[in-house]
Structures are given as C-alpha cells and as structure tokens.
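Below are the chains, spelled out letter by letter.
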Amino acid sequence: MSLPEIVSRGEWRAARAELLLKEKAATRARDALSAERRGLPMVEVGEEYVFEGGDGKATLLDLFEDRRQLVVYHFMFAPEWDAGCRSCSAFLDQIGHLAHLQARETSFAAVSRAPYPRILPFKARMGWTLPWYSSHACDFNRDFEVTLEREGELVERPGLSCFLRDRDRVFHTYSAYGRGLDGLGSTTSLLDLTALGRQEEWEEPEGRASAFGAPAGSERIRYHDEYDD
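Model, not experiment: these values are computed from the prediction.

A.B. asks: I keep staring at the pattern of salt bridges and nothing clicks. Help me out?
C.D. replies: Proximity of charged atoms lets side chains of opposite charge pair with each other. For the structure shown, the criterion picks out 10 salt bridges. Arginine 38 is the partner of glutamate 203 in a salt bridge, and the nearest nitrogen-oxygen pair spans 3.2 Å. On the criterion of sequence distance, the pair formed by glutamate 203 in the segment after helix H7 (187–191) and arginine 38 in helix H1 (residues 9–38) is long-range, its members being 165 residues apart. Exposure remark for glutamate 203: the relative accessible area of 5% places this residue in the buried category. Judged by relative accessible area, which is 6%, arginine 38 ranks as buried. The shortest N-O distance in the salt bridge between arginine 67 and glutamate 65 comes to 2.8 Å. The exposure class assigned to glutamate 65 is partly exposed, which follows from its relative accessible area of 35%.

A.B. asks: It is not clear to me how helix H5 (residues 116–126) should be interpreted in this structure. Could you clarify?
C.D. replies: Because each turn of an α-helix spans 3.6 residues, side chains separated by three or four positions in sequence point in the same direction. Within H5 the residues assigned to the buried category are Tyr116, Ile119, Phe122 and Lys123. Projected down its long axis, H5 shows its buried positions confined to an angular sector of 130°, all on one face. Across H5 from its buried face, at more than 90 degrees, point the exposed residues Pro117, Pro121, Ala124 and Arg125. Where the residues of H5 are buried, they touch strand E2 (50–53), helix H3 (86–93), strand E5 (106–112) and strand E6 (132–134). A positive backbone phi angle near 75° is found at glycine 127, which sits one or two residues after H5.

A.B. asks: I would appreciate a short explanation of H1 in the present structure.
C.D. replies: An ideal rise of 1.5 Å per residue puts 44 Å on 30 residues; H1 measures up with 42 Å between its terminal C-alpha atoms. Listed as buried for H1 are Ser34, Arg37 and Arg38. For H1, the secondary structure elements touched by its buried residues are strand E10 (169–177).

A.B. asks: Got a minute to help me understand the nonpolar core in this structure?
C.D. replies: Nonpolar side chains tend toward joint burial in soluble globular proteins. Tyr73, Phe75, Leu92, Phe108, Trp132 and Leu160 are the most contacted members of the largest nonpolar core, which has 30 residues in total. Looking at this core, the elements with two or more residues in it are strand E4 (69–74), H3, E5, H5, strand E9 (159–166), E10 and H7. By size, the runner-up hydrophobic cluster in this structure holds 17 residues, among which are Leu63, Phe64, Leu70 and Val72.

A.B. asks: How do you make sense of the layout of surface pockets when you look at a structure like this?
C.D. replies: Unoccupied space between atoms shows up once a probe the size of one water molecule is rolled over them. Considering only enclosed or pocket space, the second largest pocket measures out at about 220 Å³ in volume. Lining the second largest pocket are 13 residues, with Arg37, Leu184, Ser189, Asp192 and Leu193 positioned closest to its centre. It is H1 that provides the largest number of residues to the lining of the second largest pocket, a total of 4 residues. A class-by-class count of the residues in the lining of the second largest pocket yields 4 nonpolar, 4 polar and 5 charged.

A.B. asks: Just checking my understanding: could you explain unusual backbone geometry for this structure?
C.D. replies: Negative phi is the rule for most residues except glycine; trans is the rule for most peptide bonds. Backbone torsion omega between glutamate 204 and proline 205 reads -5°, so that peptide bond is classified as cis. Among the secondary structure elements, proline 205 is positioned in the segment after H7. Notably, glutamate 65 is not glycine yet its phi reads approximately 55°, a positive angle. Checked against the element boundaries, glutamate 65 lands in the loop between helix H2 (60–63) and E4.

A.B. asks: For this particular structure, what's the right way to read the environment of threonine 173?
C.D. replies: Mapped onto the fold, threonine 173 is located in strand E10. Taking C-alpha positions, threonine 173 is 25 Å from alanine 114, a pair spaced 59 residues apart along the chain. Ignoring sequence-local partners within four residues, the contact set of threonine 173 consists of Leu40, Pro41, Met42, Cys162, Phe163, Leu164 and Ala195.

A.B. asks: Looking at this model, I keep getting lost on the side chain of serine 135. Mind explaining?
C.D. replies: On the secondary structure map, serine 135 appears in the loop between E6 and helix H6 (140–143). One polar contact links serine 135 to asparagine 141, side chain to side chain, over a distance of 2.7 Å.

Criteria and thresholds
- Residue numbers run consecutively from 1 along every chain, following the written order of its sequence.
- Per-residue local features are limited, in this predicted model, to residues with pLDDT of at least 70; the limit for side-chain atom pairs, both in listing and counting, is 80 or more; totals at the level of whole chains, interfaces and linings are taken over all residues.
- Think of the side-chain values as coming from all heavy atoms in the structure, minus any hydrogens and water.
- Counted as salt bridges are all cases of a side-chain nitrogen of Lys or Arg within 4 Å of a carboxyl oxygen of Asp or Glu.
- Note on conventions: DSSP H or I runs of at least 4 residues are helices, E runs of at least 2 residues are strands, and numbering of each starts at the N terminus.
- Buried, partly exposed and exposed residues are distinguished by accessible area as a fraction of the type maximum, computed with a 1.4 Å probe on protein chains only: under 20%, between the cut-offs, and over 50%, respectively.
- The directions considered for the arc are those from the helix axis to the C-beta atoms.
- Contacts were defined at the residue level, with two residues in contact if any of their heavy atoms lie within 4.5 Å.
- Expected span, for any helix, means 1.5 Å times one less than how many residues it has.
- Among buried residues, the Ala, Val, Leu, Ile, Met, Phe, Trp, Tyr and Cys ones that are joined through side-chain atoms within 4.5 Å form a nonpolar core.
- The distinction between a cavity and a pocket rests on a 1 Å grid over the protein atoms alone: a 1.4 Å probe fits inside a cavity but cannot get out, while a pocket stays open yet meets protein on both sides within 12 Å along at least five of seven lines, and a residue with an atom within 4 Å of a point counts as lining.
- Grid points are joined across faces, edges and corners, and a volume is the space filled by probe spheres set on the points.
- Amino acid classes used here: Ala, Val, Leu, Ile, Met, Phe, Trp, Tyr, Cys and Pro are nonpolar; Asp, Glu, Lys and Arg are charged; the rest, including Gly, are polar.
- A 3.5 Å cut-off defines polar contacts: any pair of N or O atoms within that distance qualifies, except that in protein one atom must be a possible hydrogen donor and the other a possible acceptor, and neighbouring residues in sequence count only when both atoms are side-chain atoms.

Below, the structure written as structure tokens:
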C-alpha cells in the first residue's frame, strides 16, 4: 500500500493551505453550476401516472404531499427480483431526516418498478420509513429513462429526478443518472438539484429564498422534532 509522505507540521500546513485554494475554487464552481442548473427550462408532465404505496393508489401529484417540490430516487428493483439493488440500498441508508427537506417545501420518495407487495417486506427488512412507491402499473420508469430496453431485454439503472408543482400542474426540472449520483444524499446536495435550490439569500436567481413566507436558508433550520407540520 502506498501511503502519504510523512512531513513536519509546518510542511503539512503549507500543503493544506495550497490545497484549500483549489477547494474554494471548486466550491465556487459548484455554486455556479447549481445556479445554472436552477436556470434550466422545465417540461410539464401531462401523463397520468398511477403508483401504489402504503395508502393504496397515488398519482405523481400525490407524491408531493402538498409541498412545492418533489425529489424521486429511482430505486433499482425489477419485478422479478427478490430484493432491491445493493447500491441503491446503500444510497437510501445515507438519506437523512426528511424534516429538513420538508421544511423547504420539498418531498422525497423512492420509486421502483417492482410490485408493492415485493417492496414492502424489503423496506421493512431495511428499516426504512421514507415513502416508497411502485410504478409497476405505469410507464414512469421507461419515460424517465431508468428502465431501458437493450437487446430485447429490460434493464434497470439508478437515477434521481426533480419535479416542481404549480397548483395542480407538475413539471419535470432535472434528472441525473449513474455517476451523477455520486456525493448525493445530504439535504443540501439534494436541494442543489432542485429548481428552488437551498432557498438562501446568496443564491441566484434572486427571489426564491423567501418564496414561502418563511425565514431563508440556515435561519429556517431547526431540530427535526421542532418543525411545524
């Protein structure tokens, strides 16, 4: 195994300061990329998708749970599988308390092509409480390009899609797949993919931080049991 070079504390501080300049540049570049992402156009979702979840049938609009935004994780779980994808399971394991997303008018849900009776026992085994729906009866997975046909067979791939709601109209704003999911899982990393972002005053475009009549950004953070419903 090749290990880092051993140096004095002073040499380490100098090397760390040099790297910090590059890290700050990367942070500024990431913020600029997120702002450009928020500037993407959106497309209205006109299809009447019907999912199945813990409360029975649900539409895509229902998945918003009356919030303004929705982040869907496309969990790889084909109808014939006995268990969900291991990598997708590791992804859901790192999702934090949903109250912090919900406080920014953003809901989160997993969606898989497996029938809900197959999803339910696996969800219980993993100990997850987050919303998880089956798209077995509709073309949601195909339309959002996570179930693909290759050489006459259907194959699954992981992905994440963001949606924005304007009253009863639903719009698709963003999707990412494969390596585009690297580094995601925290509240801020998921919000950075959405049209409304973190809703902080420093973000571009302006005017989205206080869109819901609530304090902006970090001023809105509470202990997860202190948020109002």
